[in-house]
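Each chain is listed here by its residues.
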Amino acid sequence: MSFSVLHSSGVPPEHRFDWWCEVISQDVAPTRITSEHTRDFTAGAGAIGLGAVQVTTLSFPAIRSERTPALIRRSDPDVYELTLNAGGDMWIAQARNEARMRAGDLGLWNTSRPFDARGLHGADDGTSRAVMVHLPRAELPFSDARTDQLLASATATDRGTAAIFARFLRHLVEEAPSMTDQERARLGPAVWELAVAYLADRLNAHDRTPPEARTRMLLARIDAFIDDNLADHALTPPAVAARHHISVRALHTLFRARERTVAATIHHRRLERCRAELEDPALHAVPVHAIGARWGFCSPSAFSRAFLTAYGAPPGEWRRRAGQTGQGRVRGDRPAAPRR
């Protein structure tokens, strides 16, 4: 499973725009691209191979991208492009639909139909960014007629399955460079199932969603809920189960194949938040016990014992060493993962 990142900085300025057009043609689909920045086109592209699922990351200045009938006849990968707008404003039109995508929105387009897309305004540095998940049309559990209802529409990612899927994509892009080929391969089915679950939610077609996708989306929602509520002392397995309308037994069954149980997961993530804050120079004036309390530890002694067990040093000592070395892990430790 491959991982690669390319940037126009490695290409002579006069050839950068042509280089970019060729990258898009090969990694996405043949497209007619125009821009006012062709003299020194600053852009990047990354490819994350996940087995049957491929993900492309793009960064680029203001452009216009058109896929014409002639280009479709020339070459068609026959995929839906599920795109997360990771920065800037974009506009897309396809199948008599059009939408303006704000930063953070999800959108869908089909390589087998003509489209017109434009990067309108970049982020603060003038650069637009996108993460594209390539979904083979023939393998989706929905008919083209049904899926095409979503073409050139923008979905905010502040709640529901859209929020879960967008969060997963962002984490994937952040972590992919440090993953092994085997780790990326294992994530392929997860990306596919979350994408299908997201589309099923938009189409109100949950009956067409495979059980594996429903289970993975439920786990993703549970993970997000845990992460968002670590500071709450009342965050316990019964509270997590009740929030997701399942029994505690069903919740433990969902976590059975994982490294940690529900309680151990909560404990581990709290410790990781504390460790990160102890290593942050900007928080050096915050008392150690306040950091522990902020992330759900009920008493300073309980926090100190838990941290010492997980990392091999008490939190105050960890902070001191982090300040001396620039990093906290004095011996490469990670939190213990007992099953509780």
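Bear in mind that the values here come from a model prediction, so they are computed numbers and not experimental data.

Caption draft 1: Representation of the pairing of strand S7 (residues 89–94) in the model. Extensive coverage of S7 is indicated by the burial of five of its six residues. With five bridges connecting them, S7 and strand S8 (residues 97–101) associate as antiparallel partners. Directly across from Gln94, in S8, lies its bridge partner Asn97. A loop of two residues connects S7 with S8, the two strands running antiparallel in sequence, and Ala95 in this loop sits at a positive phi of about 55 degrees.

Caption draft 2: Spotlight on the packing of aromatic side chains. For the structure on display, the rule yields ten aromatic pairs. Between Trp20 and Phe60, the ring centres sit 5.9 Å apart and the planes meet at 40 degrees, which makes this aromatic pair tilted. In this pair, Trp20 sits in helix H1 (residues 16–27) while Phe60 sits in strand S4 (residues 53–60), placing the two residues 40 residues apart along the sequence. Accessibility classification places Trp20 together with Phe60 in one group, the buried group. An aromatic cluster is defined as three or more aromatic residues linked by ring pairs; in this entry it consists of Phe297, Phe303, Phe307, Tyr311 and Trp318. The ring of Phe255 carries Arg258 above its face, with NZ or CZ at 4.8 Å from the centroid. The cationic tip of Arg273 hangs over the ring face of Trp295; the distance from NZ or CZ to the ring centre is 5.9 Å.

Caption draft 3: Geometry of the packing of helix H4 (residues 160–175) against helix H5 (residues 181–203). Orientation of H4 relative to H5, taken along the N-to-C sense of each, is 155 degrees, at an axis distance of 9 Å. Viewed along their axes, H4 and H5 adopt a mutual orientation that is roughly antiparallel. Classified by chirality, the crossing of H5 by H4 is left-handed. The segment H4 lies against H5, with Thr161, Ala162, Phe165, Phe168 and Leu172 engaging Leu187, Ala190, Val191, Leu194, Ala195, Tyr198 and Asp201.

Caption draft 4: Structural view of the nonpolar core. If you look at the biggest cluster of nonpolar residues, it comprises 38 residues, and the most contacted ones within it are Leu82, Val133, Leu135, Leu140, Phe142, Phe165 and Leu199. Elements supplying a minimum of two residues to this core: strand S3 (44–50), S4, strand S6 (79–87), strand S9 (106–110), strand S11 (128–136), H4, H5 and helix H6 (211–228). Per element, the largest residue contribution to this core is ten residues, and it comes from H5. Core analysis: the second largest hydrophobic core is formed by 26 residues, Leu218, Leu219, Phe255 and Cys274 among them.

Caption draft 5: Spotlight on the confidence of the model for the protein chain. Of all residues in the protein chain, 93% have pLDDT values of 70 or greater, and the mean over the chain is 88. In the model, residues 328–340 has pLDDT below 50 throughout and makes 36 contacts with residues more than four positions away in sequence or in other chains.

Rules and cut-offs
Residues numbered from 1 in each chain as written. Predicted model: local features only at pLDDT ≥ 70, side-chain atom pairs only at ≥ 80, totals over all residues. Heavy atoms only, no water. Buried < 20%, exposed > 50% of the residue type's maximum accessible area, 1.4 Å probe, protein only. Helix = DSSP H or I, 4+ residues; strand = E, 2+ residues; numbered from the N terminus. Pairing = 2+ DSSP bridges. Phe/Tyr/Trp six-rings, centres within 6.5 Å; stacked < 30°, edge-to-face > 60°. Lys NZ or Arg CZ within 6 Å of the ring centre and 35° of its normal. Axes fitted to C-alpha atoms, helices over the stretch in contact; angles between N-to-C directions. Parallel < 35°, antiparallel > 145°, perpendicular 65-115°, else oblique. Left-handed = near helix turned anticlockwise from the far one by under 90°. Contact = heavy atoms within 4.5 Å. Core = buried A, V, L, I, M, F, W, Y, C linked by side-chain atoms within 4.5 Å. pLDDT = per-residue confidence, 0-100.

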